[in-house]
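Listed below, chain by chain, are the residues.
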Amino acid sequence: MARIAYDDTDAEAFAATRHLTDDGLTAWRQAVARHLAPRPGMRLLDLGAGTGSWARAFTAWFPGLEVVAVEPSAAMRARSRFRPVLAGDAAHLPLDDGSVDGAWLSTVVHHVPDLPAGARELRRVVRPGAPVLIRSAFAGRHEAITLFRYFPEAVRVLDSYPAIADVESTFADAGFATAAVEPVPQVTAPSLREATATLRREAHTPLQLISDDEYAAGLARLREAARVDTGPVVDALDLLVLR
């Protein structure tokens, strides 16, 4: 997964700042429950599990669900809140054929260097008819994400990510069909001031890939807005469901 290295600096920043509260994740819990229909004994692959926040959430939300966490970055695995985490990547999953009842990929697809290979590998390990749930910011869909309001230069980075249609086409070639596409809201921070205070550039791929001057200008805009905007930061990312 290659857009950024996810070395120790990136992983530390991610672990420190990229975790949402249970209250902020209410709509995601509902969406996953609706499309996965979790039950005791099910196995869910968390591909690109990062520091384990989603894997922990799933096991807390859905008793009896077994989460198989796979993460390519050693630095992220070392900081994971969830154990165990297996080493592996989208094109090389350490799983048997047809061994999971679903897969979850959160803000991962834009890091996969060979998405067709990843789609084929998911087709191999996910049981027929089971869902692949892809949570992402997709190209051309920045309007509901607060970060891009203050860092508009980062939109060009987002627009280099796969679009929904690109992912659908790639997965169709591997034997999947689209079951749903829906924006899902989340409370990213209790206030813009809190979001500003905890922002770490290293934790956000679009901010790492703009210039220092562009980042400084965006940070100034964000700080100015945080002086007067007191409401919660509510964003929406897309959920693409394939079967």
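One structure accompanies this document, and this report is about it. (Residues numbered from 1 in each chain as written. Predicted model: local features only at pLDDT ≥ 70, side-chain atom pairs only at ≥ 80, totals over all residues. Heavy atoms only, no water.)

### A few points about the pattern of salt bridges
Phase 1 of the analysis: Considering all chains together, one arrives at 11 salt bridges under this definition.
Phase 2 of the analysis: Close ionic contact of Glu182 with Arg34 constitutes a salt bridge, the shortest N to O distance being 2.5 Å. Of this pair, Glu182 sits in strand S6 (residues 178–189) while Arg34 sits in helix H2 (residues 26–36), and the two are 148 residues apart along the sequence.
Phase 3 of the analysis: Judged by relative accessible area, which is 18%, Glu182 ranks as buried.
Phase 4 of the analysis: Arg127 is paired through a salt bridge with Asp101; the nearest N and O atoms lie 2.3 Å apart. With a gap of 26 residues between them, Arg127 in the loop between helix H5 (115–125) and strand S5 (132–136) and Asp101 in the loop between strand S3 (85–87) and strand S4 (103–106) connect regions that are remote in the sequence.
Phase 5 of the analysis: Judged by relative accessible area, Arg127 falls into the partly exposed class, the value being 32%. (Salt bridge = Lys/Arg side-chain N within 4 Å of Asp/Glu carboxyl O. Helix = DSSP H or I, 4+ residues; strand = E, 2+ residues; numbered from the N terminus. Buried < 20%, exposed > 50% of the residue type's maximum accessible area, 1.4 Å probe, protein only.)

### Looking at H2
Phase 1 of the analysis: Along H2, the residues that are buried comprise Trp28, Ala31, Val32, His35 and Leu36. Taken end-on, H2 shows its buried residues confined to a sector of 105°, consistent with a single buried face.
Phase 2 of the analysis: On its buried face, H2 sits against strand S1 (43–47), helix H3 (53–61), S4, S5, S6 and strand S7 (233–242).
Phase 3 of the analysis: The positive-phi residue at the C-terminal boundary of H2 is Ala37, with phi of around 50°. (Arc of directions from axis to C-beta. Contact = heavy atoms within 4.5 Å.)

### As for the packing of aromatic side chains
Phase 1 of the analysis: Summed over the entire model, instances satisfying the criterion amount to 10 aromatic pairs.
Phase 2 of the analysis: For the ring pair Phe151 and Tyr215, a centre distance of 5.5 Å and an interplane angle of 20° mean the geometry is stacked. Remark: Tyr215 occurs in helix H11 (residues 212–226) and Phe151 occurs in the loop between helix H6 (146–150) and helix H7 (155–158); sequence separation between them is 64 residues. Per residue, the accessibility class of Phe151 equals that of Tyr215, and both read buried.
Phase 3 of the analysis: A cation over an aromatic ring shows up here: Arg123 above the ring of Phe176, its NZ or CZ 4.1 Å from the ring centre. (Phe/Tyr/Trp six-rings, centres within 6.5 Å; stacked < 30°, edge-to-face > 60°. Lys NZ or Arg CZ within 6 Å of the ring centre and 35° of its normal.)

By themselves, these observations are geometric and do not establish any function.
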